Amino acid sequence: MPADGKPADDRPAGSRTRVLLALLPLAIFVALASIFFFQLRSGRDLSEIPSALIGTKAPFRNLEPLAGAMRDGVPVPPLTAETVKGKLTLVNFWASWCVPCRQEHPVIMALAQDPRLTVVGVNYKDGNENALRFLGELGNPFAAIGLDPQGKMAIDFGVYGIPESYLVGPDGTILYKKVGPFDGDSLKNGLMPAIEKALAAPAPAG
């Protein structure tokens, strides 16, 4: 019997409500911990977040160019749907203020040397001069660059946070998505198989 001498069922409703409210944070914590535990046990890469847009047309916008951007002595064109039409394309969302973008950049530079692939960049919520300094320091891997100062195209693509990359087929279909910087595992088991599968697919009619 409770210390107050009353059966539990006779306690005021307000008292029971306070007890339930006190236990609610613990219940939420246990639920979240359980979800996280089972995700770890599943062996899934939590950075490989599925996208509802995979299998649909990439929502390209006609973005403004990064003024002054050069590659191999040639001005870099702006990123538009026409720029990548008919090409297997890796779209990389990046910014000069993004530390993981800086860490990932050598990988993007290496991918730009792959003749099977066109690498383009979307400069996300950045400044033109800051972006130019970033590329001037680390190198410019991008065949085209578009400015997305308000993040509108990032919203269209469903970007979670940068860096984030999308493999887009020659017909404009999103084939693969990578949240966060590429590493050896995501290249070997994610992007490269997606590239090979795309190149093995029959060319679209017309």
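(A) Structural view of the packing of aromatic side chains. This structure, assessed with the given rule, holds seven aromatic pairs. Relative to F157, the ring of F60 has its centre 5.8 Å away and its plane inclined at 70 degrees; by these criteria the two rings are edge-to-face. With F60 in the loop between α1 (13–42) and β1 (70–71) and F157 in helix α5 (residues 152–157), this residue pair connects regions lying 97 residues apart in the sequence. Of the two residues, F60 and F157, both sit in the buried class. Note on W97 and Y124: the rings are 6.4 Å apart at their centroids and 50 degrees apart in plane angle, and the pair reads as tilted. Taken together, the residues W97 in the loop between β3 (89–94) and α3 (99–111) and Y124 in strand β4 (residues 118–124) connect sequence positions 27 residues apart. When its relative accessible area of 46% is taken as the criterion, W97 is described as partly exposed. The class of Y124 is buried, set by a relative accessible area of 17%. Aromatic ring contacts, followed pair by pair, group F60, F93, F157 and Y166 into a single cluster.

(B) Spotlight on the pairing of strand β7 (residues 174–179). When you tally the buried positions in β7, you get five out of six residues, the bulk of the element. In this structure, strand β6 (residues 164–168) lies alongside β7, joined through five bridges in antiparallel fashion. Residue pairing in the sheet places Y166 in a bridge with K177 of β7. Between the end of β6 and the start of β7, which pair antiparallel, lie five residues, with G172 showing a positive phi angle near 90 degrees.

(C) The pairing of β4, seen in detail. By the criterion of burial, β4 is predominantly enclosed, with seven of the seven residues buried. In β4, alternate side chains face the same way, and those of T118, V120, V122 and Y124 on one face and V119, G121 and N123 on the other are all buried. One ladder, built from six bridges, connects β3 with β4; its direction is parallel. Note that in β4 the partner of W94 across the bridge is N123. Read from β3 through α3 to β4, the crossover connection turns out right-handed. Where β4 lies against strand β5 (residues 145–148), four bridges are found, and the strand directions are parallel. Of the residues in β5, the one forming a bridge with V122 is G146. Handedness of the crossover joining β4 and β5 through helix α4 (residues 128–138) is recorded here as right-handed.

Cut-off values and rules
- Residues numbered from 1 in each chain as written.
- Predicted model: local features only at pLDDT ≥ 70, side-chain atom pairs only at ≥ 80, totals over all residues.
- Heavy atoms only, no water.
- Phe/Tyr/Trp six-rings, centres within 6.5 Å; stacked < 30°, edge-to-face > 60°.
- Helix = DSSP H or I, 4+ residues; strand = E, 2+ residues; numbered from the N terminus.
- Buried < 20%, exposed > 50% of the residue type's maximum accessible area, 1.4 Å probe, protein only.
- Pairing = 2+ DSSP bridges.
- Right-handed = clockwise from strand over helix to strand, strands pointing away.

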